[in-house]
Protein chains: 2
Amino acid sequence: MNPAVRRVEYAVRGPIVTRALELERELSQGVPKPFTEVIKANIGDAHAMGQKPITFLRQVSALCLCPELLSEPSIPGDAKERARRLLAACAGQSAGAYSASPGIELVRRDVARFIERRDGVPAKPDDIFLSTGASDAIVTILKLLVSGEGASRTGVMIPIPQYPLYSAAIAELSAVQVNYYLDEEHCWALDVGELRRALAEARRHCAPRVLCIINPGNPTGQVQSRQCIEDVIKFAFEEKLFLMADEVYQDNIYAEGSAFHSFKKVLFELGPPYADVVELASFHSISKGFMGECGFRSGYVEVVNMDPEVRQQLAKLVSVRLCPPVPGQIVLDAVVDPPQPGEPSYERFIAEKQAVLSALAHKARLTQEIFNQAPGIHCNPVQGAMYSFPRIELPPRAVQEAKAQGQAPDMFFCMKLLEETGICVVPGSGFGQREGTYHFRMTILPPTEKLQVLLQKLSQFHAKFTKEYS
Amino acid sequence: MNPAVRRVEYAVRGPIVTRALELERELSQGVPKPFTEVIKANIGDAHAMGQKPITFLRQVSALCLCPELLSEPSIPGDAKERARRLLAACAGQSAGAYSASPGIELVRRDVARFIERRDGVPAKPDDIFLSTGASDAIVTILKLLVSGEGASRTGVMIPIPQYPLYSAAIAELSAVQVNYYLDEEHCWALDVGELRRALAEARRHCAPRVLCIINPGNPTGQVQSRQCIEDVIKFAFEEKLFLMADEVYQDNIYAEGSAFHSFKKVLFELGPPYADVVELASFHSISKGFMGECGFRSGYVEVVNMDPEVRQQLAKLVSVRLCPPVPGQIVLDAVVDPPQPGEPSYERFIAEKQAVLSALAHKARLTQEIFNQAPGIHCNPVQGAMYSFPRIELPPRAVQEAKAQGQAPDMFFCMKLLEETGICVVPGSGFGQREGTYHFRMTILPPTEKLQVLLQKLSQFHAKFTKEYS
């Protein structure tokens, strides 16, 4: 068996989730539990938490799958027009044909126009590669970039806490994980001084060549300032690092004063020598934002300033898997080319989109407020994304008992929380944290009333747990 | 850049296809060519060649994507009932939620029942992992199994000619490709003596642990006999090899006297000591067969006798990519749980399925007949799958000229064929062939009249080419 596979860990679907599924099964079989429902706040899965799909996206994709429905009078004309345009761009006019390996040409053009509208700078369809969710694109780019043995192995800089796809992919590819710590005392901000420290240390034992940024932050919920992004770009330029910007939460910004700045836009605005030198890959997805279409597995990467020879190798690499799923490409197209004012679907589309985003903003505030009322729980503002990553104080006796059982202390806490309350959150140790601190990640996605109960129950459980182990 | 990526080659979407796309663009811009249309016979993409989707599959999936349509009277009740059942099995009743990483539980159960009906032996849902097309599952299983450095690197035995996904994945994973040659003189049959030769030779420089079989064969179109499969299983047992059986063309059997026997069925029928020892992974897909739903990227692997600890590592590995695309899982379910006699969709479903399969059987015969009338083209019967892999004689002067241009001789031939006729086929060198022999792979998927013209044009071009270089 491949030893690199053995090293892979992925906490978001790790042992705690396995146990949550078991508990659900037991509940459904009538086994008595101290709760009536398992609430899976472990993963950013909006529809699983009851969020309704955006109607327009589903109409367009259903029409493409079943063109007989194009004659249905109940479906609005703009959805039909989009479906006809997309079908005409599919080989044999069928979503069942393979697309070109980097995605349907038309969709890549629409994505490029979407990026141009967002950033006000040019985007080229040839730089855009559609993918099977952002995860697929992230792993593909990492695969392209890593190499070497021993001290020349590629070092990949990732934030701590991180989204564990990164550590898993680095382990699988036998690259070297280089940690830089986000600053919890400053709302999980990225500090370039810390990047410098991490880089210098890593250079002693590997060849750091890639710098990964997650903005808005997962699991931190932090939104980076324009100044911070400028600093990171200058740092990458000076140190000749390839920038990977995970920007899948770009639509999820809640905090007053926070705004999303794409790395590409800031890079272009910085101008030479940065704009035409720094190599950047930016990732986006239909799984998050207001659409939450995780099940479709669709996303894209835009590469900027990539060496043309390397880009050609990238094109070759994606061709081996033939193409990203076409239904997902279709939904992505509807996301980047949404209904316009005056079109029949516009009002409903905007209303559905706003309802999702304003509910999320409300839940972000609620999460922070309730947690910060609880002694021993410290929660930074959820400025964006879909998660809160609170620090929890755990009594020394709990830490000892966890260690005696061979568990990380926050895993011990989360497992007990799950067994007693049915609440499933992921221990901070699965994302990385400073030695001696303990956290958990939870999504803010449950419906408001359920979220409120969850936050209160969790706070109460923490108080009880603290008392029990003090 | 990753040197393993540089080594990857994938002929099915290689330079010849790039040129075909350029020619298509030039044609559409009015550049005069000696042909009016590029015919892409390079890839098994049924819908791109005009095959119509099976209505029932598309109705079920469109309903799942857009449940508002459940009230449409024009859609039959059995499609609605399937959609309701599938939606109930999706988290939040939405195809936009992540499924469990190995796939929706209900779909895995339906796949297990499908396998039981096919083989008459038990199948367990826990042994079934849904995937993003069969390619994804094949690469995942290979990734799980390969390891080592130097002489202990894992050797993976593959047929020559092979489907180049295998060579590409082996290169990417830095494993060792171990070639065994299929017997062109005997209809591309697999000969266990040749397996023995290849294994003995490979053991001198690597550790062969995996044996890949493609049945029905891609690119050969060969269908293995039951006896051959028994022999291969016994060989794998004796030599402690993990069997990977690529059975994605199991519905595509055309030749009189040929039948599909799954490796699992034969393994179970052999009984002990084979049945409970030989480790097997069998792959299937919705991209081929009568459905041809390549764009959905959906398939599965069933693992048999896999070490439970390794299976757990497999479960972990697939969790990192979260889940296979849900729309594809839905179509897969409709394929393995088709309309039954008496249900409203039954007649139409069977008629559409039979129409596709009988047209393919007709085209398989046609291909063989026309090619074998051409001097210098030798074509084995297309017993199954979707391809013909004829051997072509090339005059020595053509071989010299190709080599002078740094091209494989069959690439030289195929490129000239494309430029003069617009016919795009893939050179045999992309699949592997015995030294000094030349082939190409073409699909038999174009509509009958177009296929007939294509076969005649190709034969005529070969005659002209032979004359020109003699």
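This structure is a prediction, so every number in the text was calculated from the model and none was measured.

### A closer look at the overall build of chain A
What chain A contains, in helices and strands, is 16 helices and 14 strands. Taken over the C-alpha trace, chain A has a radius of gyration of 23 Å; the compact-globule value for 470 residues is 23 Å, and the two agree within 12%. Considering chain A as a whole, with its 470 residues, one finds that 64% of them fall into the buried category. Carbon and sulfur atoms make up 51% of the accessible area of chain A, which amounts to about 16,700 Å² in all. Distance between charge centroids for chain A: 3 Å, based on 50 positive and 54 negative side chains.

### Concerning the interface of chain A and chain B
Counting residues at the interface gives 75 residues for chain A, matched by 75 residues for chain B. Both faces considered, chain A and chain B share a buried interface measuring about 6,000 Å² in area, 56% of it formed by carbon and sulfur atoms. Here chain A and chain B share six salt bridges between them. Note that Lys-143 of chain B and Glu-172 of chain A form a salt bridge whose closest N and O atoms lie 2.5 Å from each other. Across the chain A-chain B interface, the total number found is 28 residue pairs in polar contact (both at pLDDT 80 or more). For the side of chain A that touches chain B, the secondary-structure elements that each account for two or more residues are α1 (3-7), α3 (55-65), α6 (133-145), α7 (165-172), α11 (308-319) and α12 (326-336) of chain A. Here the element with the most residues in the side of chain A that touches chain B is α3 of chain A; it accounts for seven residues. Tallied by class, the residues present in the side of chain A that touches chain B amount to 37 nonpolar, 20 polar and 18 charged.

### Looking at the sheet that holds strand β14 (residues 440-443) of chain B
Hydrogen bonds between backbone groups are what pair the strands of a sheet, and the pairing can be parallel or antiparallel. Residues and elements named next belong to chain B. As summarised here, the arrangement of the three strands in space is β10-β14-β13, forming an open sheet in which the pairing is antiparallel. Because the sheet does not close on itself, it has two edges, and the strands there are β10 (387-388) and β13 (426-427). Sheet analysis places β10 next to β14, joined by two bridges and oriented antiparallel. Within the sheet, the bridge partner assigned to Tyr-387 lies in β14 and is Thr-443.

### Here we look at empty space enclosed by the protein
Considering all chains together, one arrives at eight cavities of 30 Å³ or more under this definition. Estimates place the volume of the largest cavity at around 730 Å³. Along its surface, the largest cavity is lined by 48 residues, and Thr-132, Asp-136 and Arg-321 of chain A together with Asp-136 and Arg-321 of chain B are the ones closest to its centre. When contributions to the lining of the largest cavity are tallied by element, the ones reaching two or more residues are β2 (128-131), α6, α7 and α11 of chain A together with β2 (128-131), α6 (133-145), α7 (165-172) and α11 (308-319) of chain B. Taken together, the residues of the lining of the largest cavity break down into 28 nonpolar, 10 polar and 10 charged.

### Some details on the domain arrangement of chain A
Residues and elements named next belong to chain A. Examined at the domain level, chain A breaks down into domain 1 (3-51 + 350-468) and domain 2 (98-336). Relative to domain 2, the C-alpha centre of domain 1 lies at a distance of 27 Å. On the side of domain 2, 37 residues touch domain 1, which itself brings 37 residues to the contact. There are two salt bridges connecting domain 1 and domain 2. The shortest N-O distance in the salt bridge between Arg-391 and Glu-185 comes to 3.9 Å. When contributions to the side of domain 1 that touches domain 2 are tallied by element, the ones reaching two or more residues are α1, α13 (346-373) and β10 (387-388).

### Some points on the side chain of Asn-2 of chain B
Along the chain, Asn-2 of chain B falls in the segment before α1 (3-7). Engagement of the side chain of Asn-2 of chain B in a polar contact is seen with the backbone oxygen of Lys-143 of chain A, the distance being 2.8 Å. Dropping the residues within four chain positions of it, Asn-2 of chain B is found in contact with Lys-143, Leu-144, Leu-145, Val-146 and Ser-147 of chain A.

### Some details on the pattern of salt bridges
Residue and element names in this part refer to chain B. Overall, the coordinates contain 72 salt bridges over all chains when judged by the stated rule. The partner of Arg-85 in a salt bridge is Asp-110, with the nearest N and O atoms 2.9 Å apart. With Arg-85 in helix α4 (residues 77-89) and Asp-110 in helix α5 (residues 105-119), the pair connects residues that are 25 residues apart, well separated along the chain.

### Comments concerning the packing of aromatic side chains
Residue and element names in this part refer to chain A. Under the counting rule described, the total for this entry stands at 28 aromatic pairs over all chains. The interplanar angle of 70 degrees and the centroid separation of 4.8 Å between the aromatic rings of Phe-237 and Tyr-274 together place this pair among those described as edge-to-face. With Phe-237 in helix α9 (residues 226-239) and Tyr-274 in the loop between α10 (263-270) and β7 (280-285), the pair connects residues that are 37 residues apart, well separated along the chain. With relative accessibility at 26%, the residue Phe-237 sits in the partly exposed group. By way of ring pairs, the aromatic residues Phe-371, Phe-412, Phe-413, Phe-440, Phe-461, Phe-465 and Tyr-469 are connected into one cluster. Against the face of Phe-268 rests Lys-264, its NZ or CZ located 5.3 Å from the ring centre.

### Let's talk about the relation of the copies chain A and chain B
When chain A is brought onto chain B, the operation consists of a screw motion whose angular component is 180 degrees and whose axial shift is 0.0 Å, with 0.0 Å RMSD remaining. In short, the pair behaves as if placed about a two-fold rotation axis. When C-alpha distances to the rotation axis are compared across chain A, the minimum falls at Ala-62 of chain A, with a value of 2.2 Å. Of the residues that chain A buries at the interface, 100% are likewise interface residues in chain B, meaning the two copies contact each other through the same surface.

### A look at the packing of helix α4 (residues 77-89) of chain A against helix α5 (residues 105-119) of chain A
Residues and elements named next belong to chain A. Two elements in contact, α4 and α5, have axes whose closest approach is 9 Å; the angle formed by their N-to-C orientations is 125 degrees. If you check the angle between α4 and α5, you find them oblique. Here Arg-85, Leu-86 and Ala-89 of α4 lie close against α5, whose contacting residues are Leu-106, Val-107, Asp-110 and Arg-113. Grouping the constituent residues of the contact of α4 with α5 by class yields four nonpolar, no polar and three charged.

### Digging into the UniProt feature "domain: Aminotransferase class I/classII large" (unreviewed entry) in chain A
Here, the residues flagged by UniProt with the feature "domain: Aminotransferase class I/classII large" (unreviewed entry) are residues 78-458 of chain A. Between the end C-alpha atoms of residues 78-458 of chain A there is a gap of 46 Å, over a span that is 43% helix and 15% strand.

### Comments concerning unusual backbone geometry
Backbone phi values are negative for most residues with the exception of glycine, while trans is the configuration of most peptide bonds. Between Ile-160 of chain A and the following residue, Pro-161 of chain A, the backbone shows a cis peptide bond with an omega angle of 0 degrees. The topology assignment puts Pro-161 of chain A in the loop between β3 (154-160) and α7. Residues other than glycine seldom take positive phi values, yet Ala-385 of chain B does so here, at roughly 60 degrees. Relative to the elements of secondary structure, Ala-385 of chain B occurs in the loop between β9 (377-378) and β10. Note on Ala-385 of chain B: relative accessible area 0%, which makes it buried.

Quick notes on the rules
Each chain has its residues counted from 1, running along the sequence as written. Each chain takes a letter, starting from A, and each ligand takes a number, starting from 1, following the order in which they are written. Totals for whole chains, interfaces and linings use all residues, but because this is a predicted model, local features are given only for residues with pLDDT of at least 70 and pairs of side-chain atoms are given and counted only at 80 or more. Heavy atoms throughout the structure, all of them, feed into the side-chain values; hydrogens and water do not. Comment: elements are numbered from the N terminus, with helices defined as DSSP H or I runs of at least four residues and strands as E runs of at least two. Computation of the radius of gyration draws on C-alpha atoms alone. For the globule rule, the value is 2.2 Å times the number of residues to the power 0.38. Per-residue accessibility, obtained with a 1.4 Å probe over protein chains only, is compared with the maximum for each type, and a residue is labelled buried under 20%, exposed over 50%, and partly exposed between these values. All accessible-area figures derive from a Shrake-Rupley calculation using a 1.4 Å probe, and residue coverage is judged against the displayed protein chains alone. When charges are tallied, Lys and Arg are placed among the positive residues and Asp and Glu among the negative ones, while His and the ends of the chain are skipped. A charge is said to be at NZ when it belongs to Lys, at CZ for Arg, at CG for Asp and at CD for Glu. Note on contacts: a residue pair is in contact if any heavy atoms of the two residues lie within 4.5 Å. Defined here as a combined quantity, buried area equals the accessible surface (1.4 Å probe) lost by two parts on assembly, summed across both. Any Lys or Arg side-chain nitrogen located within 4 Å of an Asp or Glu carboxyl oxygen qualifies as a salt bridge. Nitrogen and oxygen atoms within 3.5 Å of one another constitute a polar contact, given that in protein one can donate a hydrogen and the other can accept it, and given that sequence-neighbouring residues count only through two side-chain atoms. Gly counts as polar in this scheme, as do all residues outside two lists: the nonpolar Ala, Val, Leu, Ile, Met, Phe, Trp, Tyr, Cys and Pro, and the charged Asp, Glu, Lys and Arg. Any two strands with at least two DSSP bridges between them are considered paired. Points on a 1 Å grid over protein atoms alone make up a cavity when a 1.4 Å probe fits among them but cannot get out, and a pocket when they form an open set with protein on both sides within 12 Å along at least five of seven lines; lining residues each have an atom within 4 Å of a point. Grid points are joined across faces, edges and corners, and a volume is the space filled by probe spheres set on the points. Residue ranges for the domains trace back to a domain assignment, done automatically or taken from a database. Each aromatic pair joins two rings of Phe, Tyr and Trp (for Trp, the six-membered one) with centres within 6.5 Å, and gets the label stacked for planes under 30 degrees apart, edge-to-face for over 60, and tilted for any other angle. Any Lys NZ or Arg CZ that is within 6 Å of a ring centre and within 35 degrees of that ring's normal is treated as a charge sitting over the ring. All copies are superposed by least squares; the fitting set is the C-alpha atoms of residues with a pLDDT of at least 70 in both. In this description, a line fitted to the C-alpha atoms serves as the axis of each element, helices being fitted only across the stretch in contact, and the angle between N-to-C directions of two axes falls anywhere from 0 to 180 degrees. If an angle is under 35 degrees, it is roughly parallel; if it is over 145, roughly antiparallel; if it lies from 65 to 115, roughly perpendicular; otherwise it is oblique. UniProt positions are given in the numbering used here, feature names are shortened, and annotations may be inferred rather than shown by experiment.

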